[in-house]
Amino acid sequence: MINDLWYKNAVIYCLSVRTFMDADGDGIGDFAGLERRLDYLQGLGVTAVWLMPFQPSPKRDGGYDIADYYGVDPDYGSLGDFVAFTHAAKQRGLRVLIDLVVNHTSDRHRWFQSARADPDSPYRDWYVWSTEKPANADEGMVFPGVQETTWTWDDKAGAYYFHRFFDFQPDLNTANPAVQAEILKIMGFWIELGVSGFRMDAVPFVIAKKGADVKGAPVEQFDMLRDFREFLQWRKGDAIILAEANILPKQDLDYFGDDADRAHMMFNFQVNQATFYALAAHDARPLVKAIERTKPRPLSCQWGIFLRNHDELDLGRLTETQRATVFEKFGPEKGMQLYDRGIRRRFAPMLDGDPRRIRLAYSLMFTLPGTPVLRYGDEIGMGDDLGLKERDCARTPMQWTGEAQGGFTRSAKPAMPVIDHGPYGYAHVNVADQRHDKDSLLTWFSSVIRMRKEAPEIGWGDVTALPTGKAAVLALRYDWRSNAVLCVHNLGPGPVEVELETGIDPSEGGLLIDLLTGERSEADEAGRHCLFLEGYGYHWFRVGGLDALLRRTPT
Ligand code: NOJ
């Protein structure tokens with residue numbers, strides 16, 4: 001059955017256990033707290049949860065510095081709590097994805113401790129060393145301005161070690177077969193504990209050739225990705241790899257594999273950045289280009305479509321002028337920007353909390369080709385705390401109620417400060433208030449998620465951008481199994497009228513039915529629809545009338 005490829009039409013919700021819900025009152029979120037909130041997630045309508053790293057870690061990079069791959073950080077509970085959680089998720093039909101961070105370990109990992117202490121350690125070759133300072137030591141930093149080099153001298157080892165990210169994140173020598181075998185073991189371990197796959201961190205770096213002699217553009221070893229996938233499939237047929245790979249469209253097929261034998265899913269960074277430009281400039285044309293450029297992909301592969309995540313909004317793929325437009329609109333102050341290329345804010349404040357623009361943007365996100373990936377708190381329009389350093393500003397705890405600490409914890413001293421003042425403080429922005437309000441963002445999210453589930457054409461279908469004659473209006477038609485859905489978004493503030501040819505013969509599908517309101521539009525004789533959109537308005541239409549739904553081949 002085609003629905004066996006569950007990820008083609010999932011709704012993924014990303015969260016950090018640390019900041020979601022604290023059950024034991026120590027000020028830090030935990031698995032017991034998360035488990036209590038599974039009914040909330042199910043009610044919202046999401047179908048999968050992606051957990052950021054929760055393994056033992058010094059947490060100098062939000063947990064992306066792992067010190068033991070086979071455990072749960074004591075802050076969050078025990079392995080037993082983890083299994084209780086995955087079981088409870090399964091009972092509710094929710095899948096669990098977890099981060100797989102194997103480009104590097106923490107410098108506190110015992111492998112690195114052993115490797116640096118003894119040249120004869122079996123772990124020495126698990127990392128990347130050089131006795132001389134490599135010529136390119138000052139290049140390729142991922143966090144410019146905060147990270148100074150990619151090779152750091154280690155007194156104990158008497159050598160430089162390579163680290164693509166911070167100096168406390170030594171890169172694993174992923175070309176070493178022993179390291180590859182260990183990566184498979186890690187995947188196999190968590191699969192046994194109930195997860196449905198991995199969001200694989202920093203994939204281009206995991207598979208790149210590493211070493212002091214490596215020069216020029218990265219040389220990826222795609223066989224490695226194929227081996228990970230193959231192993232995963234052997235162990236659990238429906239488990240997936242969702243790759244974090246901010247690459248150019250010309251490389252998409254290398255990462256998916258021509259035969260769909262590498263990553264099942266990848267985040268679409270190209271479309272993400274073009275979406276922000278489209279929203280900032282009220283111009284959908286570069287977004288159409290990004291959609292078209294990233295269109296070729298094997299049928300069983302899928303894009304992860306997102307607006308914001310736990311990192312800065314990376315604008316590095318836009319032209320300089322486009323980037324300047326997005327900065328000006330969404331992050332004009334220096335303190336809102338990060339690493340010269342991005343914006344570190346949460347989504348709602350970028351749009352001045354304007355409900356019309358926020359809904360327009362998420363409606364757009366839910367209708368772009370791929371599977372939507374939401375970030376916790378965005379469903380209630382949470383804000384950020386720019387007083388916190390770097391990316392931490394957008395990682396504050398979930399705001400559940402209007403009570404102390406937003407109901408996140410009973411502790412008066414949460415490990416991460418809850419936003420307690422201003423328009424985004426928990427008194428104004430919280431789940432409890434919004435769930436009783438039929439006009440709230442949260443209520444809107446649940447109905448849009450329901451609508452998205454009723455439009456599997458978006459996940460599976462063939463996408464075509466229809467000419468609208470207006471730069472601010474994007475019209476995407478999805479065709480799948482003799483059914484079609486048409487999504488129209490007006491990115492501009494003013495009302496517009498557009499004439500649209502759906503491209504479908506009026507005798508087959510002259511009727512458009514709005515999935516949200518039930519309103520209808522009938523084509524004229526030439527097959528044209530005259531559509532009116534309010535400023536920031538949107539419509540999701542089923543083409544050809546509701547009976548088209550009934551005609552759909554069972555999945
Ligand atoms: C990408 C993650 O999203 C980011 O948060 C982290 O800092 C780096 N990879 C390093 O693991």
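Being a predicted model, the structure only gives us computed values, none of them experimental. (Residues numbered from 1 in each chain as written. Predicted model: local features only at pLDDT ≥ 70, side-chain atom pairs only at ≥ 80, totals over all residues. Heavy atoms only, no water.)

Asker: Just checking my understanding: could you explain the packing of helix α10 (residues 269-281) against helix α11 (residues 285-293) for this structure?
Answerer: When two helices pack together, their arrangement is given by the angle between the helix axes and by the axis-to-axis distance. Contact geometry of α10 with α11 gives a least axis separation of 8 Å together with a crossing angle of 170 degrees. Viewed along their axes, α10 and α11 adopt a mutual orientation that is roughly antiparallel. The segment α10 lies against α11, with Gln270, Val271, Ala274, Thr275, Tyr277 and Ala278 engaging Pro286, Leu287, Ala290, Ile291 and Arg293. Split into classes, the residues belonging to the contact of α10 with α11 amount to eight nonpolar, two polar and one charged. (Axes fitted to C-alpha atoms, helices over the stretch in contact; angles between N-to-C directions. Helix = DSSP H or I, 4+ residues; strand = E, 2+ residues; numbered from the N terminus. Parallel < 35°, antiparallel > 145°, perpendicular 65-115°, else oblique. Contact = heavy atoms within 4.5 Å. Nonpolar A, V, L, I, M, F, W, Y, C, P; charged D, E, K, R; others polar.)

Asker: Explain the sheet that holds strand β6 (residues 159-162) to me, please; I cannot follow it from the model alone.
Answerer: Picture the strands of a sheet paired through backbone hydrogen bonds; they go either parallel or antiparallel. The three strands are arranged β4-β6-β5 in an open sheet whose pairing can be described as antiparallel. Both edges of this open sheet fall to β4 (129-130) and β5 (151-154), since each of them pairs with a single strand only. As paired elements, β5 and β6 share four bridges and run antiparallel to each other. Within β6, the residue paired with Asp154 across the bridge is Ala159. (Pairing = 2+ DSSP bridges.)

Asker: Is there a simple way to think about the sheet that holds strand β13 (residues 342-343) in this case?
Answerer: Across the sheet, which stays open at both edges, the three strands sit in the order β11-β13-β12 with antiparallel pairing between neighbours. In the strand order of this sheet, the two ends are held by β11 (313-314) and β12 (337-338), each with one partner. One ladder, built from two bridges, connects β11 with β13; its direction is antiparallel. In the sheet register, Asp314 faces β13, and the bridge partner there is Gly342.

Asker: Mind showing me how you'd approach the side chain of Arg116 here?
Answerer: Structurally, the position occupied by Arg116 is in helix α5 (residues 110-117). Accessibility expressed as a relative area gives 15% for Arg116, which makes it buried. A distance of 2.7 Å separates polar atoms of two side chains, one belonging to Arg116 and the other to Asp154. Setting aside anything within four residues of it in sequence, one finds Arg116 in contact with Asp107, Arg124, Trp129, Asp154, Lys156 and Ala157. (Buried < 20%, exposed > 50% of the residue type's maximum accessible area, 1.4 Å probe, protein only. Polar contact = N/O pair within 3.5 Å; in protein donor to acceptor, adjacent residues only side chain to side chain.)

Asker: Please clarify how empty space enclosed by the protein should be interpreted in this entry.
Answerer: It is the rolling of a water-molecule-sized probe over the atoms that shows where space remains empty. Under the counting rule described, the total for this entry stands at three cavities of 30 Å³ or more. Reported here for the largest cavity is a volume of approximately 80 Å³. Around the largest cavity, the lining comprises 13 residues; the ones closest to its centre are Trp50, Phe267, Phe306, Asn309 and Val373. In terms of residues, the lining of the largest cavity owes the most to one element, strand β14 (residues 371-375), which gives three residues. A breakdown of the residues in the lining of the largest cavity according to their chemical character gives seven nonpolar, one polar and five charged. Approximately 60 Å³ is the volume found for the second largest cavity. Taken together, Ala245, Asn246, Ile247, Leu248, Pro249, Asp252, Phe267, Asn268, Phe269, Gln270, Thr294 and Trp303 form the lining of the second largest cavity. (1 Å grid on protein atoms, 1.4 Å probe; cavity = no way out; pocket = protein on both sides within 12 Å on 5 of 7 lines; lining within 4 Å. Points joined across faces, edges and corners; volume = space filled by probe spheres on them.)

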